[in-house]
Amino acid sequence: MELNTLIKNNKKKIRVGRGIGSGRGKTSSRGHKGQKSRSGVAIKSFEGGQMPLYRRLPKRGFKSINKNITAILNLSRIQNIIDKPNNKIKKNLDLKILKEKKIINKKFKKLKILGTGEIKNNIEISAHFASKQALSKIEKVGGKISIIKK
């Protein structure tokens, strides 16, 4: 090992603003006047006149106030869910059951039933919205759909 790595650095910290004899007195190396000579000043995102990063990058996206929180299920998809042996959904179907079985994402707060496809089993469905076609097809096979009003 080299001797220089073992010797500790004994240089004292320069204390500014301790009189004119120190060489760092009066303005304490801050120059004269101006914003940067004052204490507690940090010019945020100022890059010395260069175009700041937040202005160089493109603006992307927005937060929609009409965020889609309605899960949409077609009758064909409901029939597929019923046909799968591991789901064990026979009589009742609602948003809570669909979330528990992880068929739909937990972010959805409402359920809408659409009439595309066919349904063979009579099933009781609780949903927030349903199309006329879906209502007629479900009632035709002996099922029932109840609309939740909130």
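Here's a quick rundown of the structure. (Residues numbered from 1 in each chain as written. Predicted model: local features only at pLDDT ≥ 70, side-chain atom pairs only at ≥ 80, totals over all residues. Heavy atoms only, no water.)

Topic: the overall build of the chain
Line of reasoning, step 1. Counting secondary structure elements, the chain contains 5 helices and 6 strands.
Line of reasoning, step 2. When the helices and strands of the chain are placed in sequence order, the string is α-α-β-α-β-α-β-β-β-α-β.
Line of reasoning, step 3. For 150 residues, the compact-globule estimate of 2.2 N^0.38 gives 15 Å, and the chain exceeds it by more than 25% at 35 Å.
Line of reasoning, step 4. With respect to the principal axes defined by its C-alpha atoms, the chain has extents near 100 × 50 × 25 Å.
Line of reasoning, step 5. When the 150 residues of the chain are sorted by exposure, 22% land in the buried category.
Line of reasoning, step 6. Residue pairs in contact within the chain that sit at least 24 positions apart in sequence constitute 41% of those at least 6 positions apart.
Line of reasoning, step 7. When the accessible area of the chain is evaluated, it comes to approximately 12700 Å², of which 52% is carbon and sulfur surface. (Helix = DSSP H or I, 4+ residues; strand = E, 2+ residues; numbered from the N terminus. Rg over C-alpha atoms; globule rule 2.2 N^0.38 Å. Buried < 20%, exposed > 50% of the residue type's maximum accessible area, 1.4 Å probe, protein only. Contact = heavy atoms within 4.5 Å. Areas by Shrake-Rupley, 256 points an atom, 1.4 Å probe, with all protein chains shown as cover.)

Considerations on the sheet that holds strand β4 (residues 124–127)
Line of reasoning, step 1. Pairing in this open sheet of 3 strands is parallel, and the strands run β2-β4-β6 from one edge to the other. The two strands at the open ends of the sheet, each matched to only one other strand, are β2 (92–93) and β6 (144–147). (Pairing = 2+ DSSP bridges.)

Some words on the sheet that holds strand β1 (residues 70–74)
Line of reasoning, step 1. Ordered in space as β1-β3-β5, the 3 strands form an open sheet in which the pairing is parallel. Of all strands in the sheet, those with a lone pairing partner are β1 and β5 (129–130), marking the two edges.
Line of reasoning, step 2. For strand β3 (residues 110–114) and β5, the ladder comprises 2 bridges, and the chain directions are parallel. Looking across to β5, one finds that Lys112 is bridged to Phe129.
Line of reasoning, step 3. Together, β1 and β3 form the strand contacts of helix α3 (residues 75–83), whose direction differs from that of β1 by roughly 80°. (Axes fitted to C-alpha atoms, helices over the stretch in contact; angles between N-to-C directions.)

Re the nonpolar core
Line of reasoning, step 1. Among the nonpolar cores identified, the biggest contains 22 residues, and Ile78, Leu98, Leu111, Ile113 and Ile125 are the most heavily contacted of them.
Line of reasoning, step 2. Mapped by element, the contributors of at least two residues to this core are β1, α3, α4 (95–100), β3, β4 and α5 (132–140). (Core = buried A, V, L, I, M, F, W, Y, C linked by side-chain atoms within 4.5 Å.)

That is the geometry; function is a separate question.
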